[in-house]
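Understanding the architecture of this molecule
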Amino acid sequence: MAQLYFKHGAMNSGKSIEILKVAHNYEEQQKPVMMFTPGIDTRDEVGFISSRVGLRQQAIPVNDDTNIFELVKNNAVKPYCVLVDEVQFLKKEHVLQLAYIVDELDIPVMGFGLKNDFQNELFEGSQYMLTYADKIEEMKTICWFCHKKATMNLRVDEGGKPVYTGDQIQIGGNDSYYPVCRKCHAHPPL
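Values in this document were obtained by computation on a predicted structure and should not be read as measured data.

Time to look at helix α4 (residues 124-132). Those residues of α4 that fall on the buried side of the exposure criterion are Gly125, Ser126, Tyr128 and Met129. Considering only its buried residues, α4 is in contact with β1 (4-8), α3 (92-105) and β7 (109-113).

Considering the arrangement of structural elements, one finds Asp117 in the loop between β7 and α4. Here Asp117 occupies a buried position and makes no salt bridge, while the nearest side chain of opposite charge, Arg155, is found at 7.0 Å. For Asp117, the side chain forms a polar contact with the main-chain nitrogen of Gln119, separated by 2.8 Å. The residues touching Asp117, leaving out its near neighbours within four places in the chain, are Phe123, Asn153 and Gln168.

With that settled, the discussion passes to the pairing of strand β11 (residues 177-180). Every second residue of β11 is oriented toward a common face, with Tyr177 and Pro179 on one face and Tyr178 and Val180 on the other, all of them buried. Summarising the sheet, strand β9 (residues 152-156) and β11 pair through four bridges and their orientation is antiparallel. Along β11, the bridge assignment pairs Leu154 with Tyr178.

Each value, and the rule that gives it
Note on numbering: residues in each chain are counted from 1, in written sequence order. Totals for whole chains, interfaces and linings use all residues, but because this is a predicted model, local features are given only for residues with pLDDT of at least 70 and pairs of side-chain atoms are given and counted only at 80 or more. Excluded from the side-chain calculations are hydrogens and water; all other atoms, namely the structure's heavy atoms, are used. Think of it in three bands: with a 1.4 Å probe and only protein chains considered, a residue is buried below 20% of the maximum accessible area for its type, exposed above 50%, and partly exposed in between. The way it works is that DSSP assigns letters per residue, a run of H or I at least four long becomes a helix, a run of E at least two long becomes a strand, and they are numbered from the N terminus. Throughout, a residue-residue contact means that at least one pair of heavy atoms, one from each residue, lies within 4.5 Å. The charge count includes Lys and Arg as positive and Asp and Glu as negative, but it does not include His or the ends of the chains. Each salt bridge in this description consists of a side-chain nitrogen of Lys or Arg and a carboxyl oxygen of Asp or Glu lying within 4 Å of one another. Pairs of N or O atoms are called polar contacts if they sit within 3.5 Å, as long as, within protein, a hydrogen donor faces a hydrogen acceptor (for residues adjacent in sequence, only side-chain-to-side-chain pairs). At least two bridges found by DSSP between two strands are what make those strands a pair.

Okay, structure coming up:
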């Protein structure tokens, strides 16, 4: 029986490498998958899932008007699994479409992404993944500054100073965000 999975973690917890690994494992067994990534993620190139270790794979970009359910339903070959990177950037209707893929098409869906933003507010996609997912798993990493588990994302400016205000979405990697524990988020040793 198919299920909806939400695998979340702070920045640098290995979410993108994990999604690429899952895709590889399916495809190595001649079991096709469909991969999706938000169209606003332009860190590498629109329509690609990339890991910091250099692996990348093409994916279908999801924009506000994309109907993921219809794309999967009408695909020439039924996928064995649907994989979604940066699921936090999806809209509520996209998450509902993922749930419909599981419930109506009996295809497992795995969404990977951040749970909370740099102000520790839930992203829209994450909020609804937490609501609708059958299984929720935390992917762990360590704090940038100490030995504790990182559960938050600290945004920094070009000079490396902490930023606590601004737009929720700012695409970036290690140049803009550090994975941190709660204590170091409140009082970063910069």
